[in-house]
Protein chains: 2
Amino acid sequence: MPKAMRFCPDCGAPVEYRIPTGDDRERAVCTATGDIFYENPRNVVGCIVEHEGAILMCRRAIEPRLGFWTLPAGFLELGETTPDGAARETREEACAEVADVKLFAMLDVTHIGQVHIFYRARLVGEHFAAGPESAYVTLQREDEIDWPQLAFPTIHRTLERYFADRARGHFGLHVESLGAADWRAMALDREPTGHDDGC
Amino acid sequence: MPKAMRFCPDCGAPVEYRIPTGDDRERAVCTATGDIFYENPRNVVGCIVEHEGAILMCRRAIEPRLGFWTLPAGFLELGETTPDGAARETREEACAEVADVKLFAMLDVTHIGQVHIFYRARLVGEHFAAGPESAYVTLQREDEIDWPQLAFPTIHRTLERYFADRARGHFGLHVESLGAADWRAMALDREPTGHDDGC
Ligand SMILES: [Zn+2]
Ligand SMILES: [Zn+2]
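Small disclaimer: the values here were computed from a predicted structure and weren't measured. (Residues numbered from 1 in each chain as written. Chains lettered and ligands numbered in written order. Predicted model: local features only at pLDDT ≥ 70, side-chain atom pairs only at ≥ 80, totals over all residues. Heavy atoms only, no water.)

1. Some words on the overall build of chain A
- Each helix and strand counted, chain A has three helices and 11 strands in total.
- Tracing chain A from N to C terminus, the helices and strands come up as β-β-β-β-β-β-β-α-β-β-β-α-β-α.
- Taken along its principal axes, the extent of the C-alpha atoms in chain A is 60 × 35 × 35 Å.
- The buried share of chain A, taken over its 199 residues, is 50%.
- Considering only contacts in chain A between residues 6 or more positions apart, those separated by 24 or more positions represent 64%.
- With an accessible surface of roughly 9,100 Å², chain A has 51% of that area assigned to carbon and sulfur atoms.
- A distance of 3 Å separates the average location of the 21 positive side-chain charges in chain A from that of its 33 negative side-chain charges. (Helix = DSSP H or I, 4+ residues; strand = E, 2+ residues; numbered from the N terminus. Buried < 20%, exposed > 50% of the residue type's maximum accessible area, 1.4 Å probe, protein only. Contact = heavy atoms within 4.5 Å. Areas by Shrake-Rupley, 256 points an atom, 1.4 Å probe, with all protein chains shown as cover. Lys, Arg positive; Asp, Glu negative; His and termini not counted. Charge placed at Lys NZ, Arg CZ, Asp CG, Glu CD.)

In structure tokens form, the structure reads like this:
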């Protein structure tokens, strides 16, 4: 969950947490002005890029989960749409251009205050490469995915759904929620295998 | 767009806006600790509740757009899923319980830093009433919708898509973005008609 606020971002006075009149949950309230500050979930947007039957995967060069595999994804920025954000993250992390982005999964991750939104997309051209947040970017077929070495449960769930839908010949839309227990159930490794990719 | 930050919510020192190393856009950075604060879009979640062919509509009792008509909707809270948030807003604003919520529309409203997410839902039981943020709640058939008196462009667009899909007998999924120009194009009224509902 995002860090609780201690000082008012408008005037610098301390905030206190209390339930404002007419509300039903605690909010950060400025002790100087009474202004209320709302803290809300953040969106993470990303792409499942398929090219010649394989999926564009990034090995993370940054924490958290440095050394683990992910789909290109990151926080939605102010001023951009969710599909544009997913395409931007793919450009930044995998140096790849995509088209035909279609909503595929929306996964609520309430214990960390996030919503993860994944789009299916087509690779434009053949180019991809590691961006600054990736150690290595490659296309992996389904049988090449190293499931315990995936970075996050939402990546695991999204790829599961993707391959299952592809096998039955129809891509659905997946709205579901993932909790802390899913991390354990998916048996993701605690340490990256750290093999050298020679790059 | 959300209000820019002036003081660090962690320590109360002033923040400055600059582009951190390795980033490509301005962020609020604490002048005391160098901590970076990210500002991201917020999700608004709501329901299109159909009952016996009519849609559950709320006349707003609060600003903005007091006196205009809306679908029950509001900001997603920390700790809840997007469908649960949509159901909660329907309970709060229309005193109605819903089931079978299905994702229908995700509308990016980048100029105000919001993503509006609407679910289709079924009314459970026959009960509904005005919650504290509503002046009046009623079921409206398509020919009873007062289009220029709708509160927001995303409500207008969502209802347009809903009735068009219903007419062709198939509900799709609508991912699109709405800008400031849509408000003008939709010719929403500037003032509510303010008729008395007798309640
Ligand atoms: Zn203040
Ligand atoms: Zn600080």
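Next comes the rest of the write-up.
2. Points about the sheet that holds strand β2 (residues 27-30) of chain B
All names here are of chain B.
- Within the open sheet, the three strands sit side by side as β1-β2-β3. Their pairing is antiparallel. Strands at the two margins of the open sheet, each flanked by one partner only, are β1 (15-18) and β3 (36-37).
- Across four bridges, the pairing between β1 and β2 is antiparallel. Residue pairing for β2: R18 is matched across the bridge by R27. (Pairing = 2+ DSSP bridges.)

3. A closer look at the coordination of the zinc ion (ligand 2)
Residue and element names in this part refer to chain B.
- Looking at the zinc ion (ligand 2), the protein donor atoms are C8 (SG), C11 (SG) and C30 (SG), and they sit 2.2 to 2.3 Å from it.
- All donors to the zinc ion (ligand 2) come from one chain, and their sequence spacing reads C-x2-C-x18-C.
- Overall, the relative accessible area of 32% leaves C11 in the partly exposed class. (Donors = N, O, S within 2.8 Å, 3.2 Å for Na, K, Ca; no water.)

4. A few points about the confidence of the model for chain A
- Counting all residues, the mean pLDDT for chain A is 94, and 96% of those residues have values of 70 or more.
- Listed scores for the predicted complex are pTM 0.94 and ipTM 0.93. (pLDDT = per-residue confidence, 0-100.)

5. Focus on the pattern of salt bridges
- Throughout the structure, instances matching the rule amount to 38 salt bridges over all chains.
- Two residues, A:R88 and A:E80, come together in a salt bridge whose shortest N-O distance is 2.7 Å. When sorted by exposure, A:R88 lands in the same class as A:E80, which is buried.
- One connected set of salt bridges, linked through shared partners, spans A:D23, A:D24, A:R25, A:R27 and B:E77. (Salt bridge = Lys/Arg side-chain N within 4 Å of Asp/Glu carboxyl O.)

6. With respect to the pairing of strand β5 (residues 54-60) of chain B
All names here are of chain B.
- For β5, a buried count of seven out of seven residues is recorded, marking the element as mostly surrounded by other parts of the structure.
- Relative to β5, strand β4 (residues 42-51) runs antiparallel, the two being bridged by two bridges. Of the residues in β5, the one forming a bridge with H51 is A54.
- Between β4 and β5, which pair antiparallel and follow one another directly, the connecting turn spans two residues, one of which, E52, has a positive phi of 50°.
- As judged from the six bridges shared by β5 and strand β10 (residues 134-140), these two strands associate in the antiparallel manner. Each bridged residue has a counterpart across the sheet, and for C58 the counterpart in β10 is V137.
- The sheet contact formed by β5 and strand β6 (residues 69-70) spans two bridges and is antiparallel. Bridge assignment links R59 to a residue of β6, and that residue is W69.

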